[in-house]
Structure formats: C-alpha cells, structure tokens
Amino acid sequence: MNYSDAIIIKLIKLLVLVENQLYDSNLVNKKKSTIYRVLVSSFGRIDDIDIYEKNGCILGKLKIIDKCFFLKMKPLKKGLLEIENYRKVKEIYPTPDLIYLIKSSRYCILLYNYEQSVDNLGGLLLDYLYSDKFNKKKLNAILYFYRLSLKNKKVHSYSYPAEKYFKNRINKRLKNGLLKDKRIKPFLRMNISVNGVRYRKDTKQVILDTINYFRKRNKELCFLTQGDPLTFNIGTKPVFFDFDTSGFNALAGEAAIFIWAVFLAEVYYYPKYNPKSYTSRSIFLNEIKSNNPNVQKKISKKDNTLYLKLYYKLSKNRRYIIKKYIETISKELTKNELDILKKSIKFFIAMRILATFDLKYYSSEDVLSSIAFLHIFCNSQMTKNLNKGFNPFNL
C-alpha cells in the first residue's frame, strides 16, 4: 500500500467517525479534545495539529509523518459548493492543491496541500500591514492575477457568491440591528460633522440609502475573484486561500472588502472583535491599541449636531497597497465601466463598515469611529474623486 492509499483509507475512517461521533449533536458545542480524539483515532500518530471551528465547520492544519495538510470537515452542501468555487477560481488564481475529497450522504472532508510559504512569522499579505518592511514585487505578483481576471469582466444583475457579505446582511445587521440599537438611535437623525466637515445626509439616511440600494437587483460589473479578499486569505508567494464565495463577483464588493480591510479593519476592528481568526498572528493582537482610531464627540442640542473629531494615521505600507490596488483596477476599466462602479462603490463600503460584524458588540468609541468613517467614505466628494480615476479615498 502506498502513502496516498493509506491517507485515503484514514480519511474514510475519519468520515465514519465524524458521522457517528462528531456531527450527531451541535458541532459548535463539541470540545477541541473530542475533535482531536477523532483525528488521532483515524490517522494514528499526528505530529502536529492546529484545529478550530468556524461557521459550523472544522478547519485545521495536520502534519502526518513528513507531510503537512490543511483539512476541512464540512456539511456536504457547503463542501460541494467549495469544490465548485475552487475549480472556477483555480482557472486564473494560484491556489493550494486539493488532493483528497471524501464524502458521505451528509458530510465531506477536503484535504489540501499545506502552503509551506506561510508560517507563523510570515507569508501573508497581512504581515505587510503590520511591518515596516515591504516587497513591492510580491504585491505586483498578487495584483497581476486581478489584471488577468479583469480581462474577462462582464455586467450582470443576477446574484453572485459574495452577496452574502452585502445584500444578505441587510435585515439582520441593519434593519433589525443597527437601526434598533439603543446606543446608536440618538445619533441617527442628528446632523453630522466630522473634523469640521458637515455632511448633507444624517446617519439614518445613509443607512436607508444603503438598504434601498441592495433591495434592488442592480447591474454590477463582475469578474472572477476569490470572493473574500482579506489579507489573511492572500499569500505573498502569491497564493489565494478560502473559496466559500469564489466565482463571478461584483467588482465594487471585491474592492470594498480589500480596501476597507487594508485601510483599517484588519489592523483594528477585525482582530479586536474576531481574534480567533488571527490566532496564527497573535503578536499582532498586541498592536491593536496602536491602530485605534481616536474619536471625540460633542453634541450640540442647539443645532441638533453630532460633532466628531477623528484622528487616524494610515501607515506607509497600507497607503501604498491601497494606491497600487486602485491603480491596477483603474487601468482595466473603460469610462462606462467606471460609471457603473461609481454608482455602487459607496454602498458596498458602507456595508463593510456597518455590517461585517454586529455593531452592538462594539465599544461606544468604536461605534462613533464607524459612524465617522461611514460619512467620510460615503459622501458625494468620494464619488467625484472617481472621475479622476478609481480613487474613492483621494490618497
């Protein structure tokens, strides 16, 4: 029996144990030790293991004898969707090799080759957000695949995989969440001023405009993407990870996810409120406070205005990454395509600011900074800047 046959047999055994022991009750409530026991009973000796639960699935790094793998255990529907998306995105983007797939009537196990260029010390684009060092050639190598994919862009109005990060969050995060939040309600109908600039629309109107936009089936400029371009999903080799929402996605949504992540979210909001996704970069978690956007508020009852003073400094690396990303996209767009993007980009950015996480879990200071950024990024001047190229932040 060769090595590959042995792995397949062990995966089948693991799937049987998963069916009988692990998924027979709520996966989220199962302890890590139980998962470990199931893995060990399937594979025997495991030299190294790092597993975690995410959205009802089990993910983890395994080292078996002298080989490293990335293992995913998913309900069958989710697993088959990932395989379909993986095959699409692999046509253009570099990805880890999917080497084994074992499925039953309810669940499936996917085993990828582990990407050796990534470890706890480096290999992700995320690492450049926190570092003074930077390799421009590696960023250009990543952006090359966006340029390649944009050669085959098209406009359509039907649903797309990454819609779950935008339209699908309207009801829970905005209508039934943010608009009913007791801490935020007092500010919703106030006039707003950020760093001395008064904005024409109050916060509630910006939110309602966003809701109304996603209620309609809009024509979006789409192209083949990985679907969730957070910088911890992009390796500097280059290589792309995570294919849950891969496929033909809206350019405005792809850009909003990436730019907001690099601008601030992945050095502050995301690791602060979702630290388990950043455990492999635990050293960065200690630096969150240094990236905290400082915000001060003053309320004037006389003119019903919320005055916010916001201070946030964008690092040299992050500024460069955003500018280079913007330049890359701009060169691939015609004037008509840019017009389509102009109409939608601010709504996608608003959703990233307001609905990536539920703001009810944010501190009062982080709620206020989110409101400030919402108005800064979604005002009319941002749209005007698009006439000069795809540069919504006027960097």
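Above this text you will find the structure in question.
Predicted model only: the values in this text are computed from it and were never measured.

Our focus in this paragraph is the packing of helix 13 (residues 335-355) against helix 14 (residues 364-378). Two numbers describe a pair of packed helices, the interaxial angle and the distance between the axes. Two elements in contact, helix 13 and helix 14, have axes whose closest approach is 10 Å; the angle formed by their N-to-C orientations is 170°. Relative to helix 14, helix 13 is oriented roughly antiparallel. Together, K346, I349, A350, I353 and L354 of helix 13 and S370, F373, L374, F377 and C378 of helix 14 make up the contact between the two elements. Split into classes, the residues belonging to the contact of helix 13 with helix 14 amount to 8 nonpolar, 1 polar and 1 charged.

Strand order in the open sheet formed by 4 strands is 8-7-14-13, and the pairing between neighbours is mixed. Two strands lie at the open edges of the sheet, namely strand 8 (197-199) and strand 13 (294-300), each paired on one side alone. Across the sheet, the axes of successive neighbouring strands diverge by a mean angle of 25°, strand direction being ignored. Sitting on the sheet, helix 14 is in contact with strand 7 (191-194), strand 8, strand 13 and strand 14 (305-311), with an inclination near 95° to strand 14.

Let us look at the environment of V206. Considering the arrangement of structural elements, one finds V206 in helix 8 (residues 203-215). What makes V206 buried here is its relative accessible area of 11%. Taking C-alpha positions, V206 is 8.3 Å from L374, a pair spaced 168 residues apart along the chain. Non-local contacts of V206, meaning those with residues more than four positions away in its chain, are made with K201, L374, H375 and C378.

Across 4 bridges, strand 7 lies against strand 14 in parallel orientation. In the sheet register, I192 faces strand 14, and the bridge partner there is L306. Relative to strand 8, strand 7 runs antiparallel, the two sharing 3 bridges. Counted as the bridge partner of S193 is R198 from strand 8.

In this section: the environment of T210. Residue placement: T210 occurs in helix 8. Judged by relative accessible area, T210 falls into the buried class, the value being 2%. Along the chain, T210 and L174 lie 36 residues apart, while their C-alpha atoms are 9.4 Å from each other. Excluding anything up to four places from it in sequence, T210 contacts I170, L174, F347, A350 and M351. Here the side chain of T210 touches V206 through a polar contact of 2.9 Å, landing on its backbone oxygen.

All right, on to the packing of aromatic side chains then. For the structure shown, the criterion picks out 32 aromatic pairs. Measuring from ring centre to ring centre gives 5.9 Å for W260 and F377, while their planes differ by 85°; the resulting arrangement is edge-to-face. Here W260, found in helix 9 (residues 251-263), pairs with F377, found in helix 14; they are 117 residues apart in sequence, far enough to count as distant. When its relative accessible area of 2% is taken as the criterion, W260 is described as buried.

This part takes up the sheet that holds strand 9 (residues 220-225). In spatial order, the strands read 6-9-12; together these 3 strands make up an open sheet with antiparallel pairing. The two strands at the open ends of the sheet, each matched to only one other strand, are strand 6 (154-156) and strand 12 (247-250). Within this sheet the neighbouring strands show an average axis-to-axis angle of 50°, counted without direction. For strand 6 and strand 9, the ladder comprises 3 bridges, and the chain directions are antiparallel. The residue of strand 9 that forms the bridge with V155 is L221.

In this section: empty space enclosed by the protein. Scanning the model with the defined rule gives 3 cavities of 30 Å³ or more in all. Estimates place the volume of the largest cavity at around 70 Å³. In terms of lining, the largest cavity is formed by Y160, E163, K167, Y213, F214, K216, R217, N218, E220 and F348. For the lining of the largest cavity, the residue count by class is 4 nonpolar, 1 polar and 5 charged.

About the cut-offs
Residue indices follow the written sequence of each chain, beginning from 1 at its first position. Note on the predicted model: pLDDT of at least 70 is required for a residue's local features to be given, and 80 or more for side-chain atom pairs to be given and counted; whole-chain, interface and lining totals, by contrast, use all residues. Computation of side-chain values covers all heavy atoms of the structure but excludes hydrogens and water. With axes taken as lines fitted to C-alpha atoms, and helix axes fitted only over the stretch in contact, angles between N-to-C directions fall between 0 and 180 degrees. Only runs of H or I of at least four residues qualify as helices and only runs of E of at least two qualify as strands under DSSP, and these elements are numbered from the N terminus. When an angle is under 35 degrees it counts as roughly parallel; over 145 it counts as roughly antiparallel; between 65 and 115 it counts as roughly perpendicular; any other value is oblique. Any pair of residues with heavy atoms lying within 4.5 Å of one another is described as a contacting pair. Gly is placed with the polar residues, together with every amino acid not listed as nonpolar (Ala, Val, Leu, Ile, Met, Phe, Trp, Tyr, Cys and Pro) or charged (Asp, Glu, Lys and Arg). Two strands are counted as paired when DSSP detects at least two bridges linking them. Only protein chains enter the area calculation, which uses a 1.4 Å probe; residues under 20% of their type maximum are buried, those over 50% are exposed, and those in between are partly exposed. Any pair of N or O atoms that falls within 3.5 Å is considered a polar contact. Within protein, one atom must be able to donate a hydrogen and the other to accept it, and sequence-neighbouring residues count only if both atoms are side-chain atoms. A pair of aromatic rings is counted whenever rings of Phe, Tyr or Trp (Trp by its six-membered ring) have centres within 6.5 Å, and the orientation is called stacked for planes under 30 degrees apart, edge-to-face for over 60 and tilted otherwise. A 1.4 Å probe that fits but cannot get out identifies a cavity on a 1 Å grid over protein atoms alone, an open set with protein on both sides within 12 Å along at least five of seven lines counts as a pocket, and a residue lines either if it has an atom within 4 Å of a point. Grid points are joined across faces, edges and corners, and a volume is the space filled by probe spheres set on the points.

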